[in-house]
Amino acid sequence: MTDILKELGDRRAAAQLGGGQARIDAQHGKGKLTARERVELLLDEGSFEEFDTFVTHRCTDFGMENVKPAGDGVITGWGTINGRQVYVFSQDFTVLGGSVSATHAAKICKIMDMAMQNGAPVIGINDSGGARIQEGVDSLAGYGEVFQRNIMASGVVPQISLIMGPCAGGAVYSPAMTDFIFMVKDSSYMFVTGPDVVKTVTNEQVTAEELGGATTHTRKSSVADGAFENDVEALAECRRLVDFLPLNNRSKPPVRPFFDDVDRVESSLDTLIPDNPNQPYDMKELIHKIADEGDFYEIQADFAGNILTGFIRLEGQTVGVVANQPMVLAGVLDIDSARKAARFVRFCDAFEIPILSLVDVPGFLPGTTQEYNGVIKHGAKLLFAYGEATVPKVTVITRKAYGGAYVVMSSKHMRGDINYAWPTSEIAVMGAKGATEILHRKDLGDPEKTAAHTKDYEDRFANPFVAAERGFVDEVIMPQSTRKRLCRAFAGLRGKQQQMPWKKHDNIPL
Ligand code: HXC
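Residues numbered from 1 in each chain as written. Predicted model: local features only at pLDDT ≥ 70, side-chain atom pairs only at ≥ 80, totals over all residues.

Under an unreviewed UniProt entry, the protein chain has the name Propionyl-CoA carboxylase beta chain and belongs to Pseudooctadecabacter jejudonensis. Of the protein chain, the UniProt comment under Sequence similarities (unreviewed entry) reads exactly: "Belongs to the AccD/PCCB family." (UniProt positions renumbered as here; feature names shortened; annotations may be inferred.)

Chemist: I'd like a rundown of the UniProt feature "domain: CoA carboxyltransferase N-terminal" (unreviewed entry) in the protein chain, residues and numbers included.
Modeler: Mapped onto this numbering, the UniProt entry annotates "domain: CoA carboxyltransferase N-terminal" (unreviewed entry) at residues 1–257. Along residues 1–257, the helical share is 40% and the strand share 17%, with 49 Å between the first and last C-alpha atoms. (Helix = DSSP H or I, 4+ residues; strand = E, 2+ residues; numbered from the N terminus.)

Chemist: Would you mind going over the site of the ligand in detail, with residue names and values included?
Modeler: Residues in contact with the ligand amount to 15 residues; listed here are only the nearest, Gly97, Gly129, Gly130, Gly169 and Gly170. Looking at the shell around the ligand, the elements that each hand over two or more residues are helix H5 (137–153) and strand E6 (166–168). Taken together, the residues of the shell around the ligand break down into 8 nonpolar, 6 polar and 1 charged. (Near = placed C-beta within 6 Å. Nonpolar A, V, L, I, M, F, W, Y, C, P; charged D, E, K, R; others polar.)

Chemist: So, the sheet that holds strand E9 (residues 226–228): which residues are in play, and what are the values?
Modeler: The strand order across the open sheet formed by 7 strands is E1-E2-E3-E4-E5-E7-E9, and the pairing between neighbours is mixed. Every other strand in the sheet has two partners, leaving strand E1 (49–51) and E9 as the edge strands with one partner each. Looking at each pair of strands side by side, their axes are set apart by 20 degrees on average, direction ignored. Both strand E3 (residues 84–91) and strand E4 (residues 122–126) contribute to a ladder of 4 bridges, which runs parallel. In the strand pairing of E4, serine 90 is matched with isoleucine 125. Strands in contact with helix H3 (residues 35–42) are strand E2 (74–81), E3 and E4; relative to E3, the strand with the most contacts, it is inclined by about 165 degrees. (Pairing = 2+ DSSP bridges. Axes fitted to C-alpha atoms, helices over the stretch in contact; angles between N-to-C directions. Contact = placed C-beta atoms within 7 Å.)

Structure representation (structure tokens):
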């Protein structure tokens, strides 16, 4: 028995050493943690249950029969984050460059299947040279199996991808189909074709970092949702994110203890809106002031700053926030902001997370760039996402709610459940100046008449009461009491049930 136990111990120790100390040192030398260190940091201490530690590949080509590292370049299993179950895979770059063989893919598929059966999120830590070249089509088939599971799991369990090394070629499409992608600055990249191919085909000279680094994907392409300084920060932020999410689409988000008075009055909100309607203010201030303990977990903070998306808690319960940001482009809706917010709204709806919309929107951004790039279709994504969402939807209009953007932003007409307006709201087809220029074009040469017309329009529409008279706004509320009103609103909607007509699936404009 002693010998048997020793063999198990030796084999486990060898497996835990991955590609060996020299490669571990090289990994550390690049500022990266090893696959195992990442899992340890991600999960609660001592909670990791590993599977398939001793799996090896079955390839016999190119001398591979002599290279059979236990685990085959990926560590898989489950553990807990603050006591809640998650499934994890972590690719080990020290073993054959973390490349994906048929068996490596099968290990990932196994834990994805278990995650689906047991209703727990999947967190994938990606650090891989891609398809294992020696295995040819077997490797591609393995990727295909993972892709199919990403699709089946979408909307059933949350899927989070951490990119902590190379992720290139078709391999990028697995993370791309997950709900959130986090990248690490200067040590991770994602692209369909690398800089060398780009140079050959398009003659563009670009570094890997410029082409597909964390900054590129969080600022330009919006492929990734967050960029972090190092592995430790990315893993810690992933833990924070998981704390906001339900484990699956049939369970409610976790309710955390909260230490913030529901009735907390924020007098400063009464003066948040500047006298001048064209002067911006920071919508984040409002979010922080209504959230439990001022905690706002922002998603895609570096992309389309004219709309804010992220999670807060009210009375300890997760709420997804979508908010126009007057500080950036006056909070206008455009292609990028509509896409960003639509995806977020759909995530919340898929996972039963109530949605709070904070509205100060002057309309859609005009211009040929927007029209040629399909603002009609992209703007429709947000409209569609709000309209199909059946989770509790509460809206607060703080200032402008003009035109189509008023309707889009979770208005009553898009099945908004409770729609509040601050007394500073202006709900109209457009601003008074624009309206005057169209309605009284013949008087434009006369400043006095123009000013009178503008004032007329302002008096009529630069307030929430016309909408309130029609019931399009449920209540005009004091800014200082917004937190309390929102807590009460969401509390009142906890039992909400709304059915959609039967359909195979909808056809959201893509
Ligand atoms: C087999 C691989 C490998 C791969 C790396 N290695 N990628 N082995 N298949 N895809 C091995 C290397 O041979 C090396 O082994 C070890 O991993 C570390 O790699 P290095 O090149 O020394 O590391 P580094 O200099 O950091 O470069 C990392 C890298 C480079 C940029 C990822 O390895 C690389 O370009 N690899 C090939 C990438 C690629 O073209 N993959 C296929 C993409 S297409 P030794 O023993 O020498 O240390 C794809 C399609 C997916 O993935 C399709 C899905 C449908």
